[in-house]
Amino acid sequence: MLKLASKFGDLQEQLQLLNKRESLTQIDARHIANQVFGPGRILHPPAHPPQHTSFSTQQAGATVQLLQNQPANSAEIFLSSLSNRQTEDILFDFKSKSGNSQMIKHAADVFEESELVALCDDGLNKQLQRTKDGATEASRIQELAALVKLLRKCVRELASRASHYVDGCAKMEKDLVKQVEGAQLQSEIAVKSLEAELAGVKKDLAQCEATFKTEKAKWGADLEDQKYEMMRLKRELDRIMEERDRARDECKKAEQGRQQLEVELKELKKHSTQQIREVSINQSEAVQKLTEGAERREAALKEERQRLTKRLDAAQGCVEALQGELAMLQQVHEKEAAALKTKTAEEASKSQTLNQLQTEHDSVKKQLAGMTKEVESLSLDLQNSEHQREKLEGLLQESLLQSGEQGRNLEVLQVQRNAERAIWAEEKEAFVITQQQSNLRESALIDEKNMLKTAVTSAIEQKECMESQMAALNRDFSTLVNESVNLRNQVDFAAGNQQVAEQHVAELQLKSDALSSQLNEAMEELQVKSSRLQDIEGEFGALKEVLGEFGQRDVVNNLLQKVAVLQNALTSSDAIRRKLHNELVQVKGNIRVYCRVKPHATSTIRCMPDQSSLQISVDGKDHAMEFDRVYGPTSTQDQVFSGVSELVQSALDGYHVCLFSYGQTGAGKTYTMQGSEQPSGRGIIPRAVEKILETVARLQDQEWEYTMEASCIEIYNNQLRDLLGGPTAPYISDQSAIKHDPSGGHTTVNGVSRVTITDTNMAAQLVQRAASSRSCEATAMNSVSSRSHSVFMLYIAGSHPPSGTQLQGCLCLVDLAGSERLDRSQAEGLRKAEACAINQSLSCIGDVFAALASKNSHVPYRNSKLTYLLQPCLGGNGKTLMLVNVNPEPASAYESLCSLKFAAKVNGCETAAKGGAKRNFVDIGSSLASAGSSSSVEDAKRLSLPGFPKLPGMPEPSAKRMSMMVSSGGAKRAALPGSGIPQAGASKRPRPS
Ligand SMILES: Nc1ncnc2c1ncn2[C@@H]1O[C@H](COP(=O)(O)OP(=O)(O)OP(=O)(O)O)[C@@H](O)[C@H]1O
């Protein structure tokens, strides 16, 4: 470009030089003539001379002619005014000057001589003054005659020099022309190379743009997916965070509960320990007390016993002493009885005493028996002594009987004994009382002991109860501890999850950043290219200005036109592509069949790598099928749409385009047409509307104006309903509500609203609204089975004011309800009626295709509202694409085979018609036949439309080829009558010379 710029600089200089010379020639010639003969007396050149190079010659000639035609008096005045002037100074020899520039300079010197003019004026004024002063006519006439003579001489001289000058000018002009031609050639070469460069740059730019767009779309889709993924992860993260928070709250609560329980447990433990301690203290105290009391009592009892035993021993000792005494007394009594025997008389008196003693003895005996009885309770040992005592008593009685004296002693002894007995009795009574007391105390102690035992038992029971409570509390505590551990684990797990999610988010962020940076780089690259383009355009603008300054308007115009043409070529590449697609469609036929296989784990369908054939196995038998295109289970919504997008866009060229999805229920028709909410899952309808709006925006640059209106119609049980009319929209059963335009315009339905679409958001909302109003029910085959056909109609009206062209296209996107076998769908009641209506209307489509395939004169469009509504697309001049959806699951193999057979029949008919006179089995044969006449003219006209410009510089054969291709017939574009489409080659656009 720098080289080019320098070349243009040189060119500019050369042109400036040329221009200067030329303009000097023109200006000076005019100027001199004006100076000499006054303004307005010379012929002015036309404002825009058709041949600028001839101007100076003409002008010079005119000047000379004028000079020669001047009246004599003026010439003489002029000559007289030159009287003091060297004529030779004024007139000069052109030939003596070398080079054009010198010649021009001298010419300028001559013609710019102000003194000459001043002298002329002066001479004339003088003559005038002299006339006023009253000079005689004769002298004045003489002077004037001389003046005229001189002037004529001067004029002749001037004329001859002017002719020299003109010759010189002509020569110079020739040189100039040659130079200009050389410069033009150079400039043309330079411009051509510039053009080539520009074309290269623009091609690069277009490629870059295309790459950028696809990349952008891809990145956009990726970005959308990633955004969606990010959003999902964020939601997941939020959910996990919520769960974590909840878990934390629960953990906190549990922790609080645990702490509370711990506190309670501690208190309980403390309390119970205190109670146990108290109880055990009380118990031990009580036991100790009891033990002490018992011990004390035992000791007291022991003491008492010892004391009693001592007393008993003492009593026994006394009894023994008494027994010893008794024995001694018995011995004495024996001695005295022996003495008594001897003293028998004396003993009679004494026998009374003995009786008394005996009575006393009996009473003592009785006392003794009582005492013995009393002693018996104290000790068994006393029994022996009792026996001895009895013996002693027997002995005593004998001794009492034997000895009276001893009776007195006995009485004393008896008194002593009685006293002792009284003491004994007292002691016995005291003992009995003590024993009773001790018994009472013992029983009291036993009671107390029993009481204490009961208290201890209850304390033990209480202790056990507390221990069991404590064990339960311990169990609760360990459960809580386990729960808290679990919760902690959950929290740790959630934290781990959060970390993973955060890592994932960070990775996604990184990816998104990388994508953003790539996008930015691409944007920068685009900006660089754009600025480069702007620079080039600026250079062109500068060149245009420069060339405009130089008066090279033709060149500039030419260049501008070339630039405009290049721009048009750039912007119309899409149109050409579409046009080629149309031609391809025409070559292949106007009905295309694509097949899409739904993903399934076990598949009966095998898609071939050629992307146009498949094999389905039913009951162990393989069936091979072929279609225009086969989309396998892994195909994306984007791929499917890119396969149909060209067809969709041809609605903008004024075609009736119909795209319908056909297939068994649950095979993926709605998914293909409508899609899911995810950006990458959007189906054909939203993408088609978006694509059309994008293209319309681009075509605005080419001064195309489009308006778009949309209708959404549901066909339920062979009744029409406006899906945009809200839930209360009535069902239309009257078929005459459908109105076809006989001139090939839009088909309308009375009672169905048409909404103007201006942007993609609005279109998306509309599509969404229509989708949500559609009748869907769950069946055994599909949880969201469409129970009706839905037809999305986009009415497109385009106009191109510069050419006066008007177009009417229509895009029908049909999501058919699915065919279903009643035994499989298990439809009952209303569902059954719906299924019957669906199958009925589908069989009507089959009938229409069958009639079209066999070229019947009557095609039963009117048999169903669906076929009647789609009539312009199916059988007329429209383009139709049938997308057959199949479910590869083994259970649906038979239904899939039926769908595929039907589609293959349609496809087969179409293929059979290729390339021959029977090319299209659809009722466009007449239009095809007449394509050579009307259609070719019309299509040839399309070549002149801005969308399909005949490119300047385009070699003729290619233009011809385009013309031929278009005129080969096919679907007709609906151009309104009287639209004034210009004839080929008669475009209103300015054509380059
Ligand atoms: N290519 C596919 N990829 C992923 N899922 C799919 C595909 N095709 C269909 N599906 C899923 O299969 C289910 C049924 O699809 P869809 O509702 O589109 O079937 P249909 O042919 O319209 O059925 P009907 O005629 O009963 O309305 C849907 O959940 C859909 O998301």
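Quick note: structure is the one above.
All residue numbers here refer to positions counted from 1 along the written sequence of the relevant chain. Note on the predicted model: pLDDT of at least 70 is required for a residue's local features to be given, and 80 or more for side-chain atom pairs to be given and counted; whole-chain, interface and lining totals, by contrast, use all residues. Side-chain figures throughout are based on the complete set of non-hydrogen atoms in the structure, without hydrogens or water.

## With respect to helix α15 (residues 684–699)
- Only DSSP runs of H or I with at least four residues qualify as helices, and only runs of E with at least two residues qualify as strands; both kinds are numbered from the N terminus onward. Given a helix with a known number of residues, its expected span is that number minus one, times 1.5 Å. Between its first and last C-alpha atoms α15 spans 22 Å; for 16 residues at 1.5 Å apiece the expected length is 22 Å, and the two agree.
- Among all positions in α15, only Ile-684, Ile-685, Pro-686, Arg-687, Ala-688, Val-689, Ile-692, Leu-693, Thr-695, Val-696 and Leu-699 are buried. Think of it in three bands: with a 1.4 Å probe and only protein chains considered, a residue is buried below 20% of the maximum accessible area for its type, exposed above 50%, and partly exposed in between.

## A few points about the pattern of salt bridges
- One speaks of a salt bridge when a side-chain nitrogen belonging to Lys or Arg is within 4 Å of a carboxyl oxygen belonging to Asp or Glu. Taken as a whole and assessed by the stated rule, the structure comprises five salt bridges.
- Of the charged contacts in the structure, one is a salt bridge between Arg-592 and Asp-628, with a shortest N-O distance of 3.4 Å. Taken together, the residues Arg-592 in strand β1 (residues 591–597) and Asp-628 in the loop between β4 (621–626) and β5 (629–631) connect sequence positions 36 residues apart.
- Residue Arg-592 is classed as buried on the basis of its relative accessible area, which comes to 5%.
- Since its relative accessible area comes to 21%, Asp-628 is described here as partly exposed.
- A salt bridge links Arg-721 to Glu-714; its shortest N-O distance comes to 3.0 Å.

## As for the packing of aromatic side chains
- Between rings of Phe, Tyr and Trp, where Trp is taken as its six-membered ring, a pair exists when centres lie within 6.5 Å; planes separated by under 30 degrees are stacked, by over 60 edge-to-face, and by other angles tilted. Counted under the stated rule, the structure contains six aromatic pairs.
- Ring centres of Tyr-662 and Phe-902 lie 4.9 Å apart, and the angle between their planes is 40°; this geometry places the pair in the tilted category. One end of the pair, Tyr-662, is in strand β6 (residues 656–663); the other, Phe-902, is in helix α21 (residues 893–912), with 240 residues separating them in the sequence. Judged on exposure class, the residue Tyr-662 and its partner Phe-902 are both buried.
- For the pair Trp-704 and Tyr-706, a centre-to-centre distance of 5.9 Å together with 25° between the ring planes defines the contact as stacked.
- Exposure remark for Trp-704: the relative accessible area of 4% places this residue in the buried category.

## Quick notes on the site of the ligand
- Working definition: residue near molecule or strand if any one of its non-hydrogen atoms lies within 4 Å of it. Close to the ligand lie 15 residues; Thr-665, Gly-666, Thr-670, Ser-785 and Ser-786 are nearest.
- In this structure, Lys-669 approaches the ligand through a side-chain N or O atom, which is 2.8 Å from an oxygen atom.
- Reported accessibility uses the Shrake-Rupley method at a 1.4 Å probe radius. Residues are deemed covered only where the shown protein chains occlude them. Bound to the protein, the ligand loses 78% of the 630 Å² it would expose on its own.
- Ranked by residues supplied to the shell around the ligand, first place goes to helix α14 (residues 669–673) with three residues.
- Here the nonpolar group is Ala, Val, Leu, Ile, Met, Phe, Trp, Tyr, Cys and Pro; Asp, Glu, Lys and Arg are the charged ones; every other residue, Gly included, is treated as polar. When the residues that make up the shell around the ligand are grouped by side-chain class, the tally is three nonpolar, nine polar and three charged. What qualifies as a polar contact is a pair of N or O atoms within 3.5 Å, subject to a donor-acceptor requirement within protein and to the restriction that residues adjacent in sequence count only when both atoms come from side chains.

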